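Structural characterization, general
Here are the chains, one letter per residue:
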Amino acid sequence: MATAAPPAASRIAVVTGASSGIGAATARRLAEAGYRVVLTARRKDRIEALAEELNGAGHSAVAYPLDVTDRAAVDEFATAFETIGVLVNNAGGALGADPVATGDPADWRAMYETNVIGTLNLTQALLPKLEASGDGVVVVVSSTAGHGTYEGGAGYVAAKHGAHVLAETLRLEIVGTPVRVVEIAPGMVKTEEFALTRFGGDTERAAKVYEGVAEPLTADDVAETITWAVTRPSHVNVDLLVLRPRAQASNTKVHREP
Ligand code: 8X3
């Protein structure tokens, strides 16, 4: 029976949006699994602090400030590597929860830019390096919003459907190359920033998202799942994995304690 081999010491894992939430947790988990992690995000201080923490714990991490929507910067970033084992496209997020009738087109554009074009930029720039590793994995962190809609979610739902389509199409197009394409689609995850960013810093509205939900997923729940998927034997492709807290049966059916 094939078992997951620990990654070679030279295996590099690039994580976008590594300054907080799922990205930071994934960087921690991948570092613990033996990868040399490259932390990217716009917020330099945060990724530098995380790199320092990981290196201090005996892992190997480096911080590289990067805006995934800046294609020239992404291309420049790619020149730093000959091969890459894993790319985790995690950067993204939601802006607003307005109905279609009144949603702000600027929010829709910004969400498409980060969630879809950001993933496209990194994937295009690093695909040759992933292939050169002889066993590459592209992870797209989409969302349950990439698989079903809900009222007030259309801008984010449209962007996450875009991320899902990118992953599914890429898998078709590169079959036969030594690169796997894995989509992880989390439902309700309670992180320090996701809901706060969505509601423009309104802590009350952000708190309402999780109100009465016994145990939303944590960033680490998702990070553990991503790490499990990428550490399967190389012939095993986890195409799509949807994970939700037990209290969430669908995008619109959530059990809340009174
Ligand atoms: C986050 C899940 O329900 O806020 O990607 O769209 S949801």
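For the structure, check the block above.
Throughout what follows, the structure given in this document is the object of discussion. (Residues numbered from 1 in each chain as written. Predicted model: local features only at pLDDT ≥ 70, side-chain atom pairs only at ≥ 80, totals over all residues. Heavy atoms only, no water.)

1. Describing the nonpolar core
Here is the rule we go by: Here, nonpolar core refers to any group of buried Ala, Val, Leu, Ile, Met, Phe, Trp, Tyr and Cys residues whose side-chain atoms link them within 4.5 Å. Only protein chains enter the accessibility calculation, which uses a 1.4 Å probe. A residue is then buried if its area is under 20% of the maximum for its type, exposed if over 50%, and partly exposed in between. Comment: elements are numbered from the N terminus, with helices defined as DSSP H or I runs of at least four residues and strands as E runs of at least two. Any two residues whose heavy atoms approach within 4.5 Å are treated as being in contact.
Of all hydrophobic cores here, the largest spans 35 residues; its most connected members are Val37, Val139 and Ile226. Only strand S1 (12-15), helix H1 (21-32), strand S2 (36-41), helix H2 (44-56), strand S4 (86-89), strand S5 (136-141), strand S6 (179-186) and helix H8 (219-230) provide two or more residues apiece to this core. Residues contacting Ile226, with those up to four places away along its chain left out, are Ile22, Thr26, Val88, Val139, Val141 and Ile184.

2. Brief notes about the sheet that holds S5
As a reminder, the rule being used: DSSP calls a pair of strands paired once it identifies at least 2 bridges connecting them. With axes taken as lines fitted to C-alpha atoms, and helix axes fitted only over the stretch in contact, angles between N-to-C directions fall between 0 and 180 degrees.
One open sheet accounts for seven strands, arranged S3-S2-S1-S4-S5-S6-S7; its pairing is parallel. The outermost strands of the open sheet, each flanked by one partner alone, are strand S3 (60-65) and strand S7 (240-243). Put simply, the sheet's adjacent strands are angled 15 degrees from each other on average, direction ignored. With six bridges joining them, S2 and S3 adopt parallel strand pairing. What sits directly across from Val37, in S3, is Ala61. Sheet strands in contact with helix H4 (residues 105-132) are S1, S4, S5 and S6, and its direction is about 175 degrees off that of S4.

3. Section: the pattern of salt bridges
We apply this condition: A pairing counts as a salt bridge when a side-chain nitrogen of Lys or Arg comes within 4 Å of a carboxyl oxygen of Asp or Glu.
Considering all chains together, one arrives at nine salt bridges under this definition. Two residues, Arg43 and Glu193, come together in a salt bridge whose shortest N-O distance is 2.8 Å. Within this pair, whereas Arg43 is found in the loop between S2 and H2, its partner Glu193 is found in the loop between S6 and helix H6 (194-198), the two being separated by 150 residues in sequence. Residues Asp239 and Arg171 are paired through a salt bridge, measuring 3.6 Å at the closest nitrogen-oxygen approach.

4. As for the site of the ligand
The test is simple: Here, proximity means that at least one heavy atom of the residue falls within 4 Å of the molecule or strand. In the analysis that follows, any N or O atom pair within 3.5 Å is treated as a polar contact, provided that within protein one partner can donate a hydrogen and the other can accept it, and provided that, for residues neighboring in sequence, both atoms belong to side chains. In these tables, accessible area is a Shrake-Rupley quantity obtained with a 1.4 Å probe, and a residue counts as shielded only by the protein chains included in the view. In this count, Pro and Cys sit with the nonpolar residues alongside Ala, Val, Leu, Ile, Met, Phe, Trp and Tyr, while Asp, Glu, Lys and Arg are called charged and the others, Gly among them, polar.
Residues in contact with the ligand, as listed here, are Ser143, Ala145, Tyr150, Tyr156, Gly187, Phe194 and Arg198. Separating an oxygen atom of the ligand from a side-chain N or O atom of Tyr150 is a distance of 2.6 Å. Interatomic distance of 3.4 Å between a side-chain N/O atom of Arg198 and an oxygen atom of the ligand. Isolated, the ligand exposes 250 Å² of accessible area, and the fraction of that covered by the protein chains is 83%. A class-by-class count of the residues in the shell around the ligand yields four nonpolar, two polar and one charged.

Limitation: the analysis is restricted to geometry and does not speak to function.
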